[in-house]
Amino acid sequence: MQNGSVYVSMRDITKTFGNVVATDKMNLDVAEGEIHALLGENGAGKSTLMNMLSGIYIPDSGHIFIGGKEVKFSSPRDAINAGVGMIHQHFKLVDVLTALENILLGKRKGFLLNKKQHYHEVRKIMEQFHLEVDLKKYIYDMSVGEKQNLEILKTLYRGARILILDEPTAVLTPQETVVLFKIMRRMKEQGCSVIFISHKMNEVMEIADRITVLRKGKTIATLNKAETNPEELTELMVGRPIDLSINRIERVTDKRVLKVRDLRAVNEEGVEVLKGLNFDICAGEILGVAGIAGSGQKELCEALAGLYPVKEGEILFKGENLVGKTPKEFITRGISMSFIPEDRLGMGLVASMDMVDNILLKQYHHTKGFLKKKPAAAKAEEIIKKLDVQTPGIHHPIKNLSGGNIQKVLLGRELDSHPELLITAYPVRGLDINTCLRIYDILNEEKKKGVAILYIAEDLDSLLGLSDRIMVISNGEITGIVDARKATKEQLGAMMLGKKEEEYAV
Amino acid sequence: MQFRVVKKPEISQKQYFLIMLAAITLALLTSGLFILLLGFNPLGVYASMIQGAFGSAYRIEQTIVAAVPLIIISLGVAIAFKMKFWNIGGEGQVIMGAFFASFLALNYQHLSRPLLLLLMVVAGFIGGALWGLIPAFLKAKWDTNETIVTLMLNYIALKWVTYLQYGPWKDPASLGFPKIANFTENAILPKLFGVHIGWVIALILVVIMYIFMNYSKKGFEIAVLGESINTARYAGINIFRTILFTMFLSGGLCGLAGMIQASAVINTLSVEVAGGVGFTAIITAWLGALKPHWIVVVSVLFAAMVQGGSYIQTAFGISAASASIIQAMILFFVLGSDFFTKYKVVIGSSLPADRKGAK
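Quick caveat, the model's predicted, so the values are computed rather than measured. (Residues numbered from 1 in each chain as written. Chains lettered and ligands numbered in written order. Predicted model: local features only at pLDDT ≥ 70, side-chain atom pairs only at ≥ 80, totals over all residues. Heavy atoms only, no water.)

## Some thoughts on the nonpolar core
Across soluble globular proteins, nonpolar side chains show a tendency to be buried alongside one another.
Point 1. Counting 195 residues, the largest nonpolar core has Ile152(A), Met184(A), Met187(A), Tyr455(A) and Met120(B) as the members making the most contacts within it.
Point 2. In terms of residue count, the dominant contributor to this core is helix H10 (residues 239–265) of chain B (12 residues).
Point 3. Contact partners of Met184(A), with chain neighbours within four places excluded, come to Ile35(A), Leu165(A), Val194(A), Phe196(A) and Ile207(A).
Point 4. Grouped together as the second largest cluster of nonpolar side chains are 34 residues, Val257(A), Ile281(A), Ile456(A) and Ile478(A) included. (Core = buried A, V, L, I, M, F, W, Y, C linked by side-chain atoms within 4.5 Å. Buried < 20%, exposed > 50% of the residue type's maximum accessible area, 1.4 Å probe, protein only. Helix = DSSP H or I, 4+ residues; strand = E, 2+ residues; numbered from the N terminus. Contact = heavy atoms within 4.5 Å.)

## Observations regarding the domain arrangement of chain B
All names here are of chain B.
Point 1. The domain architecture assigned to chain B consists of domain 1 (1–40 + 320–359) and domain 2 (51–317).
Point 2. Computed over C-alpha atoms, the centres of domain 1 and domain 2 are 33 Å apart.
Point 3. At the junction of the two partners, domain 1 supplies 10 residues and domain 2 supplies 10 residues.
Point 4. When the two sides are added together, the surface that domain 1 and domain 2 hide from each other amounts to roughly 860 Å², 82% of it contributed by carbon and sulfur.
Point 5. On the domain 1 side of the interface with domain 2, the three residues burying the most area are Phe 40, Gln 327 and Leu 331, jointly 49% of the side's total. (Domains from an automatic or database assignment. Buried area = accessible area lost by both parts, 1.4 Å probe.)

## Section: the domain arrangement of chain A
Residues and elements named next belong to chain A.
Point 1. One can read the domain layout of chain A as domain 1 (6–238), domain 2 (245–336 + 419–506) and domain 3 (346–417).
Point 2. Inter-centroid distance (C-alpha atoms) of domain 1 to domain 2 is 34 Å.
Point 3. Opposite the 10 residues of domain 1 that make contact, domain 2 presents 13 residues.
Point 4. Summing both sides of the interface, domain 1 and domain 2 together bury roughly 970 Å²; the carbon and sulfur share of this comes to 64%.
Point 5. For the pair domain 1 and domain 2, the number of links is zero salt bridges.
Point 6. For the pair domain 1 and domain 2, the interface holds zero residue pairs in polar contact (both at pLDDT 80 or more).
Point 7. Those elements that place two or more of their residues in the side of domain 1 that touches domain 2 are helix H6 (174–189) and helix H8 (230–238).
Point 8. Ranked by residues supplied to the side of domain 1 that touches domain 2, first place goes to H8 with three residues.
Point 9. Taken together, the residues of the side of domain 1 that touches domain 2 sort by class into four nonpolar, five polar and one charged. (Salt bridge = Lys/Arg side-chain N within 4 Å of Asp/Glu carboxyl O. Polar contact = N/O pair within 3.5 Å; in protein donor to acceptor, adjacent residues only side chain to side chain. Nonpolar A, V, L, I, M, F, W, Y, C, P; charged D, E, K, R; others polar.)

Now the structure itself:
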């Protein structure tokens, strides 16, 4: 099929939420048989724009044309009928059904299901697009990569010619990403339009034909990949030139602050989620933790903060076993945890309260009698200055701040308690490049002071750049601890999938 | 032509009051139409509602008497609501508080008045508190649904008092009439400025609860727990104990209101002791935005509306049902206006007309 004819066209699309303009007269043209990347920082309006193309949001104003005809979607069903399918970051699959049953879900025509006939139809599509999915497998048995393939298949089966993938690689290992890219190329060959949302520059450069850069709700430029480079794209995305390198400073001491021995924990269903972990962290060291989402990172964090019941094993903090102590006792010993969950606010902060009350949360235990708000207010001002938090004031509910600023508040408060062990999970989740770099700097400053840091992250680049050593966990087990200076992404990827590293580098 | 609901940005205090004012105006206009249909002059009816609530010293006293339990119970449920523990068992906690207090009133009449009353206050508080602890324990331990449990406990409390009233506690001197004996003089709360001193207790509690909710560590913990259990755990708050403590306090306040009603208003224990005020207090607590000082204002206005509503029945011969409709309309508009503080309705097509023409 010929590349070049405009298939999807979005013109002057505006959408506001309250007083926030999410997309301001945005324009986007996607051709048939092309992979079009949408590049932009968080809050640039990528997802909002795509949600309007897939019928989830209705634009306040503007026009959408598909194949030259204007369309108006009032529900995702309208969009599907017009051939638009979106693969969300969070899969919409029913766990207890098989792959085939999930594909057939929501088909409205007819009362009885002729599974056999549908099976053959689905097989045909799989062959056409070179998709590998075991149709009889149950969702709960599937890996993230398999689920994503299934989502793609489901969307294609419903007749999608325009596929939107919302940050599809965020949850994948490097190996799974390679497979995904193959599928995307095949879709392109078959004449589909693929829209790929991402903020990972290397992936965009690898797969996209054209790239549209968005910034703060506006379309900045559409470029052919062949005629641009990462530096230019970053500059367009951020609005000014920027140095992307991460500094690593050398570890200062060999004093072991934390020793974890044979740590085991089971979840509510009785499944073992931490399977005998052994590792140490030294003062002034950043130990990175890599792993596919849900490999036990959250449980490890919570166990080390006294929030998750430990079944067996020891958490030796400066020689003292902390297993069985209350979270309060963990805090008083100088262990601080900041876990940035997907919704950012779920743990650590109270959304509807202001900065002062949120800072009070870590302090009020130490005061006697009534709450003392004044010192907390002073701390709030200090954090605003130190971390450059953008907020109308210390008495503004933090839920109204942007994600990056919320994370700064959380990190600022945790650092303020002068911990000896800082556990930080996904501290840059969803942040723009500038804020990311600022947070890496902050972690390095703490490291210099001799704080032991456990740094859990999704992004392998930052893990390789920032950590001294990287511990890889897979399915609740440590598959290896490697020197971050020598490790490669492929090596980490294989270990994330469960391949054991033969020798543990210390 | 289409309607869409769009979320509004945060509104200012002033806008909030304007919306409220609009709601009340609309409520008065609409119920005015209703009153016209009944064949009366709306302005006259409204004027006499105000008269009925505040027109004389006696009527003011009656309005205050009606407001006192509302205030105290609202404070009680508000602290539970702050924790997002949906205590709709105020009614049952009132009844159990009244029951505990009545037990002392009926069996320890020989004690001196101050001592007996003090013991009754403590007993009333504990009665309600224990009744509140049941759903709290079940929730904290097994994560049961507190809405169902507190609601069901209301009926258990009510049936328990019915049993007492028709059975073991029936007054032999009442000639077979199912009634519990009246309290003796020393089990009845004294009056101050014409109204039983429950109003003094209510005002003191308002001040205490204001300080508790805004400046105490426990109050802070309750608010944090209400917003996010994970955050509360993370901050080292003992969730089990906090839930139990909060409901002990919440139920206790309701129980105290029960003691006041039994002692000062009906002078005995009966199935009528709560009379739905435990449910009404949920509305006043919400309208008062769970803030003690606003709860006082809302409770007094609510009591005035009810008093005025019953006055127009005698003054104009408006039926009780019609009076209820007027009250309901006012409430409907005020509660409904809450929607407009958060959302606005956009009328019209999603595309401006001039753009369509241009294409």
